[in-house]
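Each chain is listed here by its residues.
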Amino acid sequence: MTKQEQAQEYFRKGYNCSQSVFAAFCQDLGMDLETGLKLSSSFGGGMGGLRQVCGAVTAMFMIAGLKYGYIDSQDMNLKNQHYKLIQNLAKQFTDKFGTIICKELLMSLANIKKDVSMPEKRTPEYYKVRPCERFVVYAAELTEKMLNSR
């Protein structure tokens, strides 16, 4: 099963966008699934339902940090390299979907006018309206490419 399929499967089981992407890579990160799910649980719905940065994008950033993040606060070269990586991931996502902001993604791609900031039950109707599954799959694809390119 590909990382994209794993992320999609987690999403279909009811995990939020961030959890779905992050969970698909837990084994690669040397992290147990429970810890990964807890760590990423706050970022669904664009940061706890605030509709800010898409949770799938946030998961990409967290994975990038765990794999390639810097720890020396004075090493400006490493810090700049890492920020460029994050900016590149954001650009690729934006190039495909127009933005990394959850609310904008939902309003433009799903034509959702009334924002619901609390989790919704996953029903067939939910999956028909919400484009989130596409974001999860693409974020997993970008993450896998990132990990395989370094």
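Before reading on, note that the structure itself is shown above.
Here's a quick rundown of the structure.

Cut-offs and rules
Residues numbered from 1 in each chain as written. Predicted model: local features only at pLDDT ≥ 70, side-chain atom pairs only at ≥ 80, totals over all residues. Heavy atoms only, no water. Helix = DSSP H or I, 4+ residues; strand = E, 2+ residues; numbered from the N terminus. Buried < 20%, exposed > 50% of the residue type's maximum accessible area, 1.4 Å probe, protein only. Contact = heavy atoms within 4.5 Å. Lys, Arg positive; Asp, Glu negative; His and termini not counted. Charge placed at Lys NZ, Arg CZ, Asp CG, Glu CD. Expected span 1.5 Å × (residues − 1).

Okay, the overall build of the protein chain next. The secondary structure content of the protein chain amounts to ten helices and zero strands. If you line up the protein chain on its principal axes, its C-alpha atoms span 45 × 30 × 25 Å. A buried classification covers 44% of the 150 residues belonging to the protein chain. The long-range share in the protein chain, meaning contacts at least 24 apart out of those at least 6 apart in sequence, stands at 63%. The distance from the centre of the 20 positive side-chain charges to the centre of the 15 negative ones in the protein chain is 5 Å.

A word on the environment of Y15. Tracing the chain through its elements places Y15 in the loop between α1 (3-12) and α2 (17-24). By relative accessible area, Y15 is classed as partly exposed at 28%. Beyond its immediate stretch of four places on either side in the chain, Y15 contacts Y10, S20, L37 and R122.

Taking 1.5 Å per residue as the helical rise, helix α6 (residues 55-68) with its 14 residues ought to reach 20 Å, and the 19 Å between its terminal C-alpha atoms agrees with that figure. Taken residue by residue, α6 has G55, A56, V57, T58, A59, M60, M62, I63 and A64 as its buried positions. Those residues of α6 that are buried are in contact with α2, α3 (26-29), α4 (33-40), α5 (44-47), α7 (76-97) and α10 (132-148).

A few words now on the environment of T94. When you line up the elements, T94 lands in helix α7. With a relative accessible area of 29%, T94 lands in the partly exposed category. The spacing of T94 and L105 is eleven residues in sequence and 9.9 Å in space, taken between C-alpha atoms. Beyond its immediate chain neighbours, meaning those up to four positions away, T94 contacts T99 and I100.

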